[in-house]
Amino acid sequence: MDILFTIITFLFLVGIVITIHEIGHFLMAIWCRIKVLEFSIGFGPKLFAKKIKINGDEILFAFRALPLGGFIKPLEQSAMSPKEWESLPAEDKKRAFSSSPRWKKALVVFGGPFSNFVLAFIIYILAYAFIGKTGVPATIGEILPGSVFEKSGLKIGDTITKINDKSVYFSTDAHEYLVNHAINGNKVIISTSKNTQHE
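## Some points on the overall build of the chain
Move 1: Each helix and strand counted, the chain has six helices and six strands in total.
Move 2: When the helices and strands of the chain are read in sequence order from the N terminus, they spell out α-β-β-α-α-α-α-β-β-α-β-β.
Move 3: For the chain, long-range pairs separated by at least 24 residues make up 50% of all intrachain contacts whose partners lie at least 6 apart in sequence.
Move 4: For the chain, the exposed area adds up to about 13,600 Å²; of that, 67% sits on carbon and sulfur atoms.

Encoded structure:
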């Protein structure tokens, strides 16, 4: 059951990432005025489809049976028969992906990975905001005999909360502060969770 849940979750997340990727392509194509015929979420047979007008173009939006990403279908000469292509208005031919300038094609291609970058950035910000930074508490696990830490009165099990009035949350913070002060030869005042200070 756990394996099935893991597989379903993985496919769902992959589907979201690919769909966001395709949305990036789609939005960039619309911005570049390249004619888009269809935006689809998923692959295979259509479960639901509706045509929506955007900038004067009727675009088919569809949900398909296999929810593994999606695709956009721009107007493309190579995907049409010569007769179908010839029957198109001249304005539509100019707006086909194959007829577009290279810079527009490049932007449409770039839109996909850029949207994934934006998604990753948003997830990072939300994770940091709601979960925060995590790490190992700055609890003293060992004190070398005769060291400055032993002479200062620090005890094994003490948790460092501040170094020179700068808050310490994790062991990596304490290590960074102590190394920097040691290199510079600065005096260090360490505060612990027992409300004691040690120099």
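## Quick word on the side chain of arginine 64
Move 1: Here arginine 64 is to be found in strand E2 (residues 57-74).
Move 2: A polar atom in the side chain of arginine 64 sits 2.7 Å from the side chain of glutamate 38.
Move 3: The contact partners of arginine 64, leaving out residues within four places of it in the chain, are Glu38, Ser40, Ile41, Gly42, Phe43, Gly44, Pro45, Lys46, Leu47 and Phe71.

## Considering the pattern of salt bridges
Move 1: What the rule picks out here adds up to five salt bridges.
Move 2: With a closest N to O distance of 3.2 Å, lysine 35 and aspartate 57 form a salt bridge. Of this pair, lysine 35 sits in the loop between helix H1 (2-31) and strand E1 (36-54) while aspartate 57 sits in strand E2, placing them 22 residues apart in sequence. Just as lysine 35 is buried, aspartate 57 falls in that class too.
Move 3: Measuring nitrogen to oxygen at the nearest pair gives 2.7 Å for the salt bridge that ties glutamate 38 to arginine 64. With glutamate 38 in strand E1 and arginine 64 in strand E2, this residue pair connects regions lying 26 residues apart in the sequence.

## What to know about the confidence of the model for the chain
Move 1: A residue-level look at the chain finds 78% of positions with pLDDT of 70 or above and a mean pLDDT of 81.
Move 2: Looking at the elements of the chain, mean pLDDT is at its lowest for strand E6 (residues 197-198), recorded as 51, and at its highest for E1, recorded as 90.

## Focus on empty space enclosed by the protein
Over the atoms, a rolled probe matching the size of one water molecule traces out where space is still vacant.
Move 1: Applying the stated rule across the entire model yields one cavity of 30 Å³ or more.
Move 2: By volume, the largest cavity is sized at about 30 Å³.
Move 3: Surrounding the largest cavity, Ala29, Ile30, Arg33, Ile34, Ile54, Asn55, Asp57 and Arg95 form its lining.
Move 4: Its residues assigned to classes, the lining of the largest cavity comprises four nonpolar, one polar and three charged.

## Notes on the packing of H1 against helix H4 (residues 102-130)
Move 1: Contact pair H1 / H4: the axes reach a minimum separation of 7 Å and the direction vectors enclose 135°. As the angle between them shows, H1 and H4 are arranged oblique. In this structure, H1 meets H4 at a crossing whose hand is right-handed. In this structure, H1 uses Val17, Ile20, His21, Gly24, His25, Met28, Ala29 and Trp31 to contact H4, whose residues at the interface are Leu107, Val108, Val109, Gly111, Gly112, Pro113, Ser115, Asn116 and Leu119.
Move 2: Considering only residue class, the contact of H1 with H4 consists of 10 nonpolar, seven polar and no charged.

What counts as what
- Starting from 1, residues in each chain are numbered consecutively following that chain's sequence as written.
- Only residues with pLDDT of at least 70 are given local features in this predicted model, and only at 80 or more are side-chain atom pairs given and counted; all residues enter the totals for whole chains, interfaces and linings.
- Hydrogen atoms and water are omitted, and side-chain values are computed over all heavy atoms in the structure.
- A run of H or I in DSSP becomes a helix once it reaches four residues, and a run of E becomes a strand once it reaches two; helices and strands are each numbered from the N terminus.
- Residues are treated as being in contact if the distance between any of their heavy atoms lies within 4.5 Å.
- Each accessible area is a Shrake-Rupley result for a 1.4 Å probe, and residues are judged covered by the shown protein chains and nothing else.
- Polar contacts, as counted here, are pairs of nitrogen or oxygen atoms within 3.5 Å of one another; within protein the pair requires one atom able to donate a hydrogen and one able to accept it, and residues that are adjacent in sequence qualify only if both atoms are side-chain atoms.
- Just to be clear on terms, a salt bridge is a Lys or Arg side-chain nitrogen sitting within 4 Å of an Asp or Glu carboxyl oxygen.
- When accessible area is computed with a 1.4 Å probe and restricted to protein chains, residues below 20% of their type maximum are described as buried, those above 50% as exposed, and intermediate ones as partly exposed.
- Residue-level confidence of the predictor, termed pLDDT, takes values from 0 up to 100.
- Cavities and pockets were defined on a 1 Å grid built from protein atoms only: a cavity is a group of points that admits a 1.4 Å probe but offers it no way out, a pocket is an open group of points flanked by protein on both sides within 12 Å along at least five of seven lines, and a lining residue is one with an atom within 4 Å of any such point.
- Grid points are joined across faces, edges and corners, and a volume is the space filled by probe spheres set on the points.
- Under this grouping Gly is polar, as are all residues other than the nonpolar Ala, Val, Leu, Ile, Met, Phe, Trp, Tyr, Cys and Pro and the charged Asp, Glu, Lys and Arg.
- Inter-axis angles, ranging from 0 to 180 degrees, are taken between N-to-C directions of lines fitted to C-alpha atoms, where helices are fitted over the stretch in contact.
- For classification, angles of less than 35 degrees are called roughly parallel, those exceeding 145 degrees roughly antiparallel, those between 65 and 115 degrees roughly perpendicular, and all remaining angles oblique.
- Crossings are assigned a handedness: left-handed for a near helix turned anticlockwise from the far helix by less than a right angle, right-handed for a clockwise turn.

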